[in-house]
Amino acid sequence: MKEIGHWINGKLVAGTSGRFTDVYNPATGEVQAKVSLATKAELDAAVAAAEAAQPGWAATNPQRRARVMMKFGDLINQHMEELATLVSAEHGKTLPDARGDVQRGLEVIEVCMGAPAMLKGEYTDSAGPGIDLYAMRQPLGVVAGIAPFNFPAMIPLWKMGPALSAGNAMILKPSERCPSTSLRLAELAKEAGLPDGVLQVVNGDKEVVDAILDNETVQAVGFVGSTPIAQYIYGRAANNGKRAQCFGGAKNHMIIMPDADLDKAADALVGASMGAAGERCMAISVAVPVGKETADKLIEKLIPKIEKLKVGPYTAGEDVDFGPVITKQALDRITGLIGSGVDQGATLVVDGRGLKIQGYENGFFVGPTLFDDVTPEMDIYKQEIFGPVLSTVRMETYAEALKLVIDNEYGNGTSIFTADGDTARDFASRVNVGMVGINFPIPVPLSYYSFGGWKKSAFGDLNQYGPDAFRFYTKTKTVTARWFSGIKEGASLNFKALD
Ligand code: NAD
């Protein structure tokens with residue numbers, strides 16, 4: 001059985017804890033590797049080495065650090081297929097989707113090629129008599145990134161790019177479900193010129209995460225994962241005096257107005273709810289049609305589109321629409337929730353339970369599932385299902401639909417489909433959600449903006465990637481400098497003692 005270890009001081013090393021967890025092939029249900037779960041001692045040693053490497057990296061001028069990012073980006077591009085295959089093999093998503101996972105991470109590295117511009121300071125000449133005032137951005141030292149399973153390339157790159165190009169050393173803790181992509185990215189970063197020790201990839205579970213949170217050298221924690229863990233990490237990191245930005249789960253709604261182009265809205269809904277088997281924090285999991293006629297027509301259009309989706313392993317070809325979910329536990333949780341929806345009175349329009357794929361009978365597959373007549377009291381509405389399940393909550397008016405989104409405890413993304421600019425503007429202005437799409441289903445901002453939700457979808461300050469990430473991974477120092485006058489008296493050519 002293949003054993004996956006860690007990336008420490010520029011090389012792959014075996015874990016020493018003797019503790020492992022299984023890495024599955026979600027399409028077959030088989031264990032394909034065991035990943036080592038690091039101890040506190042292993043983490044502390046990795047941090048100490050990162051602390052030793054960081055000052056040299058911080059002293060490397062910003063443009064040279066940016067050149068490492070240029071080479072890194074180039075290597076990611078060259079290895080796109082290999083990286084996408086690594087993602088698919090452990091996560092189960094289709095290859096075209098896995099390429100997107102790598103691509104959206106690469107785009108953050110592209111912005112980091114311009115890190116020197118992001119890191120520029122501020123300067124006020126003559127802020128007082130003979131006084132100049134300036135502010136500079138300095139790296140924090142050793143920082144940490146903790147990633148979820150669902151974007152094995154993108155989120156590690158979102159964390160690494162800004163932190164490293166700002167002159168920090170980083171401890172990256174990938175998801176134990178999909179550890180291999182981060183290790184390969186670390187190898188490529190070294191090939192791009194990143195000095196040994198500046199990026200340490202430490203695999204593990206709660207034990208190593210807690211060790212990161214309690215390590216006094218680690219200055220900041222960038223976390224992405226589920227809401228309960230995000231909230232826990234935020235609290236423990238803050239209690240230990242660290243900066244923390246912790247991005248959590250989601251329940252993203254799409255409002256469909258009566259004047260919307262329903263064909264386009266239906267296509268957008270299918271892609272945004274079922275893509276990656278619904279395992280996206282920006283997946284649309286709730287459709288909110290306004291008015292009975294809109295709802296009836298929408299459901300009518302959704303059924304054939306959903307029924308013809310092809311579910312299968314990533315190896316079955318590029319026409320597979322989505323793959324398995326990540327684990328047997330995820331499969332059981334999702335099918336259990338579908339059952340609860342039926343029990344609690346929702347109308348199950350398309351049932352994805354019990355899907356068996358020939359040759360992959362033990363794979364973790366859930367078919368596409370559509371519910372109508374869902375109400376906010378039902379568990380399928382209240383919980384983040386994180387599976388290919390779309391719930392329809394019918395509303396009579398725009399005001400009711402808006403209130404539903406506002407009252408939801410999550411606030412990652414949302415979308416409205418309408419032909420009316422005034423409604424769209426009103427929605428964008430009043431909704432209490434971090435990322436808003438107008439006739440656009442998954443409004444993930446491009447990499448030169450920043451990404452972050454509101455409410456229980458994010459804890460802490462500042463968003464991830466883009467300008468906010470450079471603020472998060474640097475601290476500001478302001479200098480007030482006064483130079484007393486005297487030099488202007490002119491040069492003395494006589495050899496004399498200094499006064
Ligand atoms: P998760 O919370 O289970 O795990 C995330 C990370 O936390 C992993 O590295 C894991 O090892 C660690 N972890 C898990 N339990 C822990 C514990 N008890 N103590 C300390 N660390 C622990 O999340 P997941 O299942 O890997 O990812 C799916 C979730 O991530 C979904 O809720 C999804 O919405 C969310 N997500 C959010 C964003 C965002 O930007 N808001 C992006 C992607 C995914």
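The rules behind the values
Residues numbered from 1 in each chain as written. Predicted model: local features only at pLDDT ≥ 70, side-chain atom pairs only at ≥ 80, totals over all residues. Helix = DSSP H or I, 4+ residues; strand = E, 2+ residues; numbered from the N terminus. Rg over C-alpha atoms; globule rule 2.2 N^0.38 Å. Buried ≥ 20, exposed ≤ 12 C-beta atoms within 10 Å, placed from the backbone. Near = placed C-beta within 6 Å. Nonpolar A, V, L, I, M, F, W, Y, C, P; charged D, E, K, R; others polar. Domains from an automatic or database assignment. Expected span 1.5 Å × (residues − 1). Contact = placed C-beta atoms within 7 Å. Pairing = 2+ DSSP bridges. Axes fitted to C-alpha atoms, helices over the stretch in contact; angles between N-to-C directions. Parallel < 35°, antiparallel > 145°, perpendicular 65-115°, else oblique. Left-handed = near helix turned anticlockwise from the far one by under 90°. UniProt positions renumbered as here; feature names shortened; annotations may be inferred. Core = buried A, V, L, I, M, F, W, Y, C linked by C-beta atoms within 7 Å.

Trainee: Help me out: how do you make sense of the overall build of the chain in this one?
Mentor: When its secondary structure is counted, the chain shows 16 helices and 23 strands. Expected size for 499 residues packed as a compact globule is a radius of gyration near 23 Å; at 25 Å, the chain falls within 12% of this value. For the C-alpha atoms alone, the extent of the chain along its principal axes is close to 95 × 60 × 40 Å. Across the 499 residues that make up the chain, the buried fraction comes to 52%.

Trainee: Where do I start with the site of the ligand in this structure?
Mentor: Around the ligand sit 26 residues in total, of which Pro148, Gly225, Phe247, Gly249 and Cys281 are the nearest. Partitioning the shell around the ligand into residue classes produces twelve nonpolar, nine polar and five charged. The residues that make up the shell around the ligand include at least three from each of domain 1 (2-248 + 457-481) and domain 2 (252-438).

Trainee: Where do I start with helix H3 (residues 80-91) in this structure?
Mentor: Residue pairs spaced three or four apart in an α-helix point in one direction, given the helix's 3.6 residues per turn. A rise of 1.5 Å per residue sets the reference length of H3, with its twelve residues, at 16 Å; its end C-alpha atoms lie 16 Å apart and thus fit the reference within 8%. Listed in full, the buried residues belonging to H3 are Leu83, Ala84, Leu86, Val87, Ser88, Ala89, Glu90 and His91. Against strand S4 (20-25), helix H2 (62-78), helix H4 (95-112) and helix H7 (180-191) lie the buried residues of H3. Directly after H3, the chain includes Gly92, whose backbone phi takes a positive value near 100°.

Trainee: Help me understand the sheet that holds strand S17 (residues 389-392), please; the structure alone is not making it clear to me.
Mentor: Within a sheet, each strand pairs with its neighbour through backbone hydrogen bonds, oriented either parallel or antiparallel. Taking strand neighbours across the sheet as the criterion, the seven strands line up as S15-S16-S17-S14-S13-S19-S20 in an open arrangement whose pairing is mixed. Edge strands, defined here as strands with exactly one partner in the open sheet, are strand S15 (347-350) and strand S20 (435-438). Going from strand to strand, the sheet's axes swing by 20° on average, the running direction of each strand aside. With three bridges joining them, S15 and strand S16 (residues 369-372) adopt antiparallel strand pairing. The partner of Leu348 across the bridge, within S16, is Phe371. This element, helix H10 (residues 262-274), spans strand S13 (252-256), strand S14 (284-289), S17 and strand S19 (413-417) of the sheet and lies at about 155° to S14. Contacts from helix H14 (residues 398-407) reach S13, S14 and S19 within the one sheet, and its direction differs from that of S13 by about 175°.

Trainee: Could you clarify how one ought to interpret the packing of H3 against H4 in this entry?
Mentor: Helix packing geometry: the angle between the two helix axes and the distance between the axes. Two elements in contact, H3 and H4, have axes whose closest approach is 8 Å; the angle formed by their N-to-C orientations is 110°. Between H3 and H4, the angle falls in the class roughly perpendicular. Read as a crossing pair, H3 and H4 show a hand that is right-handed. Across the interface between the two elements, Met80, Leu83, Ala84, Val87 and Ser88 from H3 touch Leu95, Ala98, Arg99, Asp101 and Val102 from H4. For the contact of H3 with H4, the per-class residue count stands at seven nonpolar, one polar and two charged.

Trainee: Explain the environment of Ala244 to me, please; I cannot follow it from the model alone.
Mentor: Tracing the chain through its elements places Ala244 in strand S12 (residues 243-247). The class of Ala244 is buried, set by 23 C-beta atoms lying within 10 Å. In this structure the C-alpha to C-alpha distance between Ala244 and Ile229, which are 15 residues apart in sequence, comes to 13 Å. Look past the residues within four positions of Ala244 in its chain and what remains in contact with it is Ala220, Val221, Phe223, Ile233, Tyr234, Ala237, Ala238 and Gly460.

Trainee: Explain the sheet that holds S4 here, please?
Mentor: Strand order in the open sheet formed by three strands is S1-S5-S4, and the pairing between neighbours is mixed. Among the strands making up the open sheet, the edge pair consists of strand S1 (2-4) and S4. Neighbouring strand axes in the sheet, compared pairwise and without regard to direction, differ in orientation by 35° on average. Looking at chain direction, S1 and strand S5 (residues 30-36) are connected through three bridges and run parallel. Bridge pairing in S5 places Ile4 opposite Val35.

Trainee: Please clarify how the environment of Thr315 should be interpreted in this entry.
Mentor: Turning to its location among the elements, Thr315 is positioned in the loop between helix H11 (292-307) and helix H12 (328-343). Look at Thr315 and you get partly exposed, because 16 C-beta atoms sit within 10 Å. Linking Thr315 and Ile299, residues 16 residues apart in sequence, is a C-alpha distance of 31 Å.

Trainee: Is there a simple way to think about the UniProt feature "domain: Aldehyde dehydrogenase" (unreviewed entry) in the chain in this case?
Mentor: In the UniProt entry, the feature "domain: Aldehyde dehydrogenase" (unreviewed entry) is given for residues 15-479. Measuring from the first to the last C-alpha atom of residues 15-479 gives 45 Å, for a span that is 42% helix and 21% strand.

Trainee: Whenever I open this one, the nonpolar core confuses me. Can you help?
Mentor: Looking at soluble globular proteins, one finds that nonpolar side chains tend to be buried together. In terms of nonpolar packing, the biggest core is built from 84 residues, with Met170, Ile171, Leu199, Ile212 and Val221 touching the most fellow members. Aside from chain neighbours lying at most four places away, what touches Ile212 is Leu43, Ala144, Ile171, Lys173, Val218 and Val221. Within the second largest apolar cluster, 65 residues are counted, among which are Met257, Cys281, Phe365 and Ile416.

Trainee: Sorry if this is basic, but what is going on with the domain arrangement of the chain here?
Mentor: How big an interface is tends to be reported as the loss of accessible area on association of its parts. Here the chain is described as being made up of domain 1 (2-248 + 457-481) and domain 2 (252-438). Between domain 1 and domain 2, the residue contacts involve 18 residues of the former and 23 residues of the latter. Residue assignment for the side of domain 1 that touches domain 2 shows that the elements contributing at least two residues are H3 and H4. With three residues, H4 is the single largest residue contributor to the side of domain 1 that touches domain 2.

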